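Report on the structure
Take a look at the letters that make up each chain.
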Amino acid sequence: MNPAESMVPPRPTALVQEILRPLIRVADLVIDATAGNGHDTLFLAECVGETGRVLAFDVQQAALESAALRVGPLVSRVEFFLESHVAIATRAAPASVAVVMFNLGYLPGEDHDLTTEATETVAALNAAAAVLKGGGVLSIICYPGHPAGALEAAAVEAWVAMRTAEGWRAARYGGIGTRRPAPFLLLLVKAATA
Ligand SMILES: C[S@@+](CC[C@H](N)C(=O)[O-])C[C@H]1O[C@@H](n2cnc3c(N)ncnc32)[C@H](O)[C@@H]1O
């Protein structure tokens, strides 16, 4: 296969880490809003170093166990919360967090009913916006390829449009012309004065 074919469209899960890696500093406080199997939790734990802290949320005990296993010896940098990401604002102070990552949808191979849901996701995004510092980064991966995911993606994009009206910067990365709507990554930078 032409190597370019495996890069385009980019896999949002790989792309987001590539973009965020140089932006996260040692000792940062960061959040994985959807820990799942812990790929992003591990990535964040590596980036923040020994003095940083990762708060990781998931509603499934099995997900948090899987994430803790993946994080392995870096687990001392991570605090796991078996609760909805709506609770983010009860676990971090306002304007204290450098990066919040959301990877929406369900855990591959697990119960597809345990998926993120539009109304709760928007509430969690509001909570994430409150705890982010000015200049902090919010990443959201949406999966519009199935009906509930499409509804959720539309709600998220509407939420993002409101943030850009308040001075946040935002970008969208994803494939076009695919058989089913392709997953896409939204990246936002919180306005310094928001
Ligand atoms: C696509 S998976 C995340 C994958 C994960 N980032 C990884 O690296 O493996 C989405 C996760 O969101 C979780 N989830 C669903 N609703 C949630 C909620 N309200 N709060 C927090 N997590 C939720 C699911 O249990 C699932 O594990």
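In this report, the structure presented in the accompanying data block is examined. Keep in mind that what you see is a predicted model, and the values were worked out from it rather than measured.

Turning next to the pairing of strand β7 (residues 184-189). The buried count for β7 comes to five of six residues, which makes it a mostly enclosed element. Of the strand pairs in this sheet, strand β5 (residues 132-142) and β7 are connected by six bridges, and their pairing is antiparallel. Among the inter-strand pairings, Leu138 is bridged to a residue of β7, identified as Leu188. The pairing of strand β6 (residues 169-174) with β7 spans six bridges and is antiparallel.

Now for the packing of aromatic side chains. Evaluation of the coordinates by the stated rule reveals two aromatic pairs. When the ring of Phe57 is compared with that of Phe81, the centres are 5.0 Å apart and the planes differ by 25 degrees; the resulting orientation is stacked. One end of the pair, Phe57, is in strand β2 (residues 53-58); the other, Phe81, is in strand β3 (residues 78-82), and 24 residues separate them in sequence. Overall, Phe57 belongs to the buried group, its relative accessible area being 0%. With a centroid separation of 6.1 Å and an interplanar angle of 80 degrees, the aromatic rings of Trp159 and Trp168 are classed as edge-to-face. Trp168 carries the same exposure label as Trp159, and that label is buried. The aromatic ring of Trp159 is capped on one face by Arg163, whose charged end is 4.7 Å from the ring centroid. Here Arg172 stacks its cationic end above the ring of Phe184, 3.7 Å away from the centre of that ring.

Between helix α5 (residues 118-131) and helix α6 (residues 147-165), the shortest axis-to-axis distance is 9 Å and the interhelical angle comes to 30 degrees. As summarised for this structure, α5 and α6 are arranged roughly parallel, according to the angle between their axes. Crossing hand, α5 versus α6: right-handed. Of the residues in α6, those in contact with Ala118, Thr121, Val122, Leu125, Asn126 and Ala129 of α5 are Glu152, Ala155, Val156, Trp159 and Arg163. Looking at the contact of α5 with α6 residue by residue, the class counts come to seven nonpolar, two polar and two charged.

Residue Ala27 is not a glycine yet carries a positive backbone phi of 80 degrees. In this fold, Ala27 is placed in the loop between α1 (12-20) and β1 (29-32). Residue Ala27 is classed as partly exposed on the basis of its relative accessible area of 45%.

Before going further, it helps to examine helix α2 (residues 39-48). The element α2 is extensively covered by neighbouring structure, given that seven of its ten residues are classed as buried. Within α2, burial applies to Asp40, Thr41, Phe43, Leu44, Ala45, Cys47 and Val48. Of the residues trailing α2, Gly49 is marked for its positive phi of about 70 degrees.

Okay, the site of the ligand next. Taken together, 22 residues form the shell around the ligand, and within it Asn37, His39, Asp58, Gln60 and His85 come nearest. Take Asp40: an N or O atom from its side chain is 3.3 Å from a nitrogen atom of the ligand. More than half of the atoms of the ligand fall within 2 Å of the grid points belonging to the largest pocket. Along the lines of polarity and charge, the residues of the shell around the ligand split into seven nonpolar, twelve polar and three charged.

With that settled, the discussion passes to empty space enclosed by the protein. For the structure shown, the criterion picks out one cavity of 30 Å³ or more. Within this model, the largest cavity holds a volume of roughly 40 Å³. Tallied by class, the residues present in the lining of the largest cavity amount to two nonpolar, five polar and one charged.

Attention now goes to the layout of surface pockets. Gaps between atoms show up when a probe of the same size as a water molecule is rolled over them. In this model, the largest pocket occupies a volume close to 810 Å³. In terms of lining, the largest pocket is formed by 40 residues, of which the most central are Asn103, Leu104, Gly105, Tyr106 and Leu107. Going through the elements one at a time, α1, α2 and β2 are the ones with two or more residues in the lining of the largest pocket. With three residues, the top contributor of residues to the lining of the largest pocket is α1. Residues of the lining of the largest pocket, tallied by class, amount to 16 nonpolar, 16 polar and eight charged.

Definitions and cut-offs
Residues numbered from 1 in each chain as written. Predicted model: local features only at pLDDT ≥ 70, side-chain atom pairs only at ≥ 80, totals over all residues. Heavy atoms only, no water. Buried < 20%, exposed > 50% of the residue type's maximum accessible area, 1.4 Å probe, protein only. Helix = DSSP H or I, 4+ residues; strand = E, 2+ residues; numbered from the N terminus. Pairing = 2+ DSSP bridges. Phe/Tyr/Trp six-rings, centres within 6.5 Å; stacked < 30°, edge-to-face > 60°. Lys NZ or Arg CZ within 6 Å of the ring centre and 35° of its normal. Axes fitted to C-alpha atoms, helices over the stretch in contact; angles between N-to-C directions. Parallel < 35°, antiparallel > 145°, perpendicular 65-115°, else oblique. Left-handed = near helix turned anticlockwise from the far one by under 90°. Contact = heavy atoms within 4.5 Å. Nonpolar A, V, L, I, M, F, W, Y, C, P; charged D, E, K, R; others polar. Near = heavy atom within 4 Å. Polar contact = N/O pair within 3.5 Å; in protein donor to acceptor, adjacent residues only side chain to side chain. 1 Å grid on protein atoms, 1.4 Å probe; cavity = no way out; pocket = protein on both sides within 12 Å on 5 of 7 lines; lining within 4 Å. Sits in = over half its atoms within 2 Å of the grid points. Points joined across faces, edges and corners; volume = space filled by probe spheres on them.

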